[in-house]
Amino acid sequence: MTNNYFEAEDLAQETFLAAYEHLEQFDGEHEKAWLCRIAMNKCLDFLKKDRRRVLPQEETVFLDFADTDTVEGQVLAQEVKWELQKSCENLPSPYKEIAVAYFCEEKDVAEIAAEQNRNIKTVQTQIYRARAKLQKIYGKEQMPWGKI
């Protein structure tokens, strides 16, 4: 329903958490239908939320705020890159290494997987989670170049 592997993975976890939290409401019959209904409701709620459209989904979104044709824009773009580098380096392992390679050094997933001797799916998952951690960081504190 989400057309996104990583979002579906998160929604599956939310489904089982919601089922556990509401276990006392379960009557003991039709457990498959009850669980499927929770999953469907989680997916529908996800699709209704505007947060998917508000959060930046591309790594280049931060650079869009700077006009690199001017000296001020070039300095601002460099500041954005420096802030992103600093934020990536403050992430816990293994997200730190993945984030620096992907967001700062602009390596592709296959290249990172080969360098770090990891599965491509593992690297993709870690990039997704590193991106979510960075979005939380940028969402909680005021950025020097304005709100996203």
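Up top is the structure.
All of the points below concern the structure found in this document.

Cis geometry marks the peptide bond from Ser-93 to Pro-94, where omega comes out at 0°. Within the secondary structure, Pro-94 sits in the loop between helix 4 (71-89) and helix 5 (95-104). For Glu-106, which is not a glycine, the phi torsion comes out positive at approximately 55°. Here Glu-106 lies in the loop between helix 5 and helix 6 (109-115). Even without being glycine, Asn-117 reaches a positive phi, approximately 55°. With respect to the secondary-structure elements, Asn-117 resides in the loop between helix 6 and helix 7 (120-140).

In this model, helix 4 (19 residues) spans 27 Å end to end at C-alpha, consistent with the 27 Å of a helix rising 1.5 Å per residue. Considered for burial, the residues of helix 4 that qualify are Gly-73, Ala-77, Val-80, Glu-83, Leu-84, Ser-87 and Cys-88. Down the axis of helix 4, the buried side of the element spans an arc of 135°, and every buried residue falls inside it. Turned more than 90 degrees away from the buried face of helix 4, the exposed residues are Val-71, Glu-72 and Val-75.

The rules behind each value
- The residue numbering used here restarts from 1 in each chain and proceeds along that chain's sequence as written.
- Since the coordinates come from a predicted model, pLDDT governs what is reported: local features require at least 70, and pairs of side-chain atoms require 80 or more to be given and counted, while whole-chain, interface and lining totals use all residues.
- Side-chain descriptors were evaluated using all non-hydrogen atoms of the structure, hydrogens and water having been removed beforehand.
- To qualify as a helix, a DSSP run of H or I must reach at least 4 residues; to qualify as a strand, a run of E must reach at least 2; elements of each kind are numbered from the N terminus.
- By definition here, a helix of n residues has an expected span of 1.5 Å times n minus one.
- The classification of residues rests on relative accessible area computed with a 1.4 Å probe and restricted to protein chains. Under 20% of the type maximum is buried, over 50% is exposed, and intermediate values are partly exposed.
- Along the arc lie the directions from the helix axis toward the C-beta atoms.

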